[in-house]
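Structural characterization, general
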Amino acid sequence: MLIEVDDVTHVYDDGGRGRTVLEDLTLRADEHRIGVVGANGSGKSTFARLLNGLVLPTAGAVRVDGLDTADDGRAVRRRVGFCFTDPDAQIVMPTVREDVAFGLRRRGLTRDEVDERVDAMLEEHGLSAHADHPAHLLSGGQKQLLALASVLVTGPDLLVMDEPTTLLDLRNAARVAETVARLPLQVVLVTHHLDLLAGFDRVLVFDEGRLVHDGAPDAAVGHYRALMAALP
Ligand SMILES: Nc1ncnc2c1ncn2[C@@H]1O[C@H](COP(=O)(O)OP(=O)(O)O)[C@@H](O)[C@H]1O
Ligand SMILES: [Mg+2]
């Protein structure tokens, strides 16, 4: 899908002080794998949240597949799945199975159809053995895979992930990374795990609310490293 960001500036209210976190951002992207890197506070999460209308731009417009996030938020969120850093922020139901099924409510599916889709998702993410376990007892890595399964079961066309491996140990981060690499759908991945970006089609580098580099992974990661090295 085509992502269009036109002249976007975003200002958080921040108790009336007005904090500008993205400035004059314009870009078009329809690549299959898009990475986003940058220092803490550079505006990455704000950018990610703009893509499914979780954050609406203060000025300018964001369109996904031609739909304006400010006018068509619901339609945008049906197409754009979002995965947070902390899976606990996203897991809403008591058991693993119920959490995945939650995304399929109000879709007019029969109970059997829901069960079938949920079982397939759990199988695909190595969670079948935990189907009826309380979600809070899963490991951090399993929780992130559950959060991912609960988003993917809804059938998005684009998946936006905001640092999905930051809270995980190396082994679990690798599992999540493998899962993401196998996904057939379009992905926007915000990450500090720069090795995940190898093979990506395009990587955006943010710095202090501006897009400062936009290119192939090697050049973008090089630009980001140089930026960080130049800090006092
Ligand atoms: N809801 C908010 N209210 C006020 N300031 C915010 C809010 N969310 C983020 N910020 C600030 O905006 C800046 C950019 O945040 P963010 O987009 O989360 O950056 P990143 O994900 O790159 O760390 C940070 O300085 C952050 O403190
Ligand atoms: Mg962030």
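For the structure itself, look to the data block above.
Okay, so let's go over this structure. (Residues numbered from 1 in each chain as written. Chains lettered and ligands numbered in written order. Predicted model: local features only at pLDDT ≥ 70, side-chain atom pairs only at ≥ 80, totals over all residues. Heavy atoms only, no water.)

1. Here's the deal with the pairing of strand S9 (residues 202-207)
S9 sits mainly inside the fold: five of its six residues count as buried. Inspection of the sheet shows strand S3 (residues 33-38) paired to S9 by five bridges, in the parallel sense. Across the sheet, the residue bridging to glycine 38 is phenylalanine 206, located in S9. Across five bridges, the pairing between S9 and strand S10 (residues 210-215) is antiparallel. Pairing of valine 203 across the sheet is with glycine 215, part of S10. Where S9 folds back on S10, the antiparallel hairpin that results is connected by two residues, among which glutamate 208 adopts a positive phi of roughly 45°. (Buried < 20%, exposed > 50% of the residue type's maximum accessible area, 1.4 Å probe, protein only. Helix = DSSP H or I, 4+ residues; strand = E, 2+ residues; numbered from the N terminus. Pairing = 2+ DSSP bridges.)

2. A short note on the site of ligand 1
The environment of ligand 1 is formed by Tyr12, Arg19, Val21, Ala39, Asn40, Gly41, Ser42, Gly43, Lys44, Ser45 and Thr46. Between ligand 1 and the protein, one listed contact pairs an oxygen atom with a backbone N or O atom of glycine 41 at 2.7 Å. Side-chain polar atom of serine 45 to an oxygen atom of ligand 1: 2.8 Å apart, as the coordinates give it. Expressed as a share of its isolated accessible area of 560 Å², the protein-covered part of ligand 1 is 66%. Every element with two or more residues in the shell around ligand 1 is listed here: strand S2 (19-29) and helix H1 (44-50). It is H1 that contributes the most residues to the shell around ligand 1, three residues altogether. A per-class count over the shell around ligand 1 returns three nonpolar, six polar and two charged. (Near = heavy atom within 4 Å. Polar contact = N/O pair within 3.5 Å; in protein donor to acceptor, adjacent residues only side chain to side chain. Areas by Shrake-Rupley, 256 points an atom, 1.4 Å probe, with all protein chains shown as cover. Nonpolar A, V, L, I, M, F, W, Y, C, P; charged D, E, K, R; others polar.)

3. Regarding the environment of arginine 49
By secondary structure assignment, the location of arginine 49 is in helix H1. Note on arginine 49: relative accessible area 29%, which makes it partly exposed. If we ignore the near neighbours within four places in the chain, the residues touching arginine 49 are Leu54, Val55, Phe82 and Phe84. (Contact = heavy atoms within 4.5 Å.)

4. A few points about the pattern of salt bridges
One pass over the structure, following the stated rule, counts twelve salt bridges. The shortest N-O distance in the salt bridge between arginine 210 and glutamate 23 comes to 3.5 Å. One end of the pair, arginine 210, is in strand S10; the other, glutamate 23, is in strand S2, and 187 residues separate them in sequence. The class for arginine 210 is partly exposed, based on a relative accessible area of 37%. One continuous salt-bridge network, built from bridges that share partners, spans Glu4, Asp6, Arg28 and Arg63. (Salt bridge = Lys/Arg side-chain N within 4 Å of Asp/Glu carboxyl O.)

5. Overview of unusual backbone geometry
The residue aspartate 7 is not glycine, and still its phi comes out positive at about 50°. Along the polypeptide, aspartate 7 turns up in strand S1 (residues 3-12). In this structure, arginine 106 is a non-glycine residue whose phi angle is positive, near 55°. Tracing the sequence through the fold places arginine 106 in the loop between helix H3 (96-102) and helix H4 (111-124).

6. Some words on a positive patch on the surface
A surface patch of positive charge is lined by Arg74, Arg77, Arg78, Arg105, Arg106, Arg107 and Arg117. If one sorts the elements of the positive patch by residue count, helix H2 (residues 73-79) sits on top with three residues. Among the structural elements, arginine 105 can be located in the loop between H3 and H4. (Patch = residues over 30% accessible without salt bridge, like charges linked within 9 Å, V, L, I, M, F, W, Y side chains within 5 Å. Lys, Arg positive; Asp, Glu negative; His and termini not counted. Charge placed at Lys NZ, Arg CZ, Asp CG, Glu CD.)

7. Here we look at the sheet that holds S1
Strand pairing in a sheet is mediated by backbone hydrogen bonds. Such pairs are either parallel or antiparallel. Overall, antiparallel pairing links the four strands, which are arranged S2-S1-S4-S5 in an open sheet. With partners counted over all chains shown, the strands left at the sheet margins are S2 and strand S5 (67-68), one partner each. Pairing geometry for S1 and S2, over seven bridges, is antiparallel. From the neighbouring strand, valine 8 faces S2, where its bridge partner is leucine 25.

8. A word on the side chain of asparagine 172
When you line up the elements, asparagine 172 lands in helix H6 (residues 170-182). For asparagine 172, a relative accessible area of 9% corresponds to the buried category. Apart from residues no more than four positions distant in its own chain, asparagine 172 is found in contact with Ser139 and Gly141.

9. Observations concerning the environment of histidine 136
Looking at the element boundaries, histidine 136 is found in the loop between H4 and helix H5 (140-152). Overall, the relative accessible area of 57% leaves histidine 136 in the exposed class. The spatial distance from the C-alpha of histidine 136 to the C-alpha of isoleucine 91 is 8.6 Å, given a sequence separation of 45 residues.

From the geometry alone we can't say anything about function, so treat these as descriptive.
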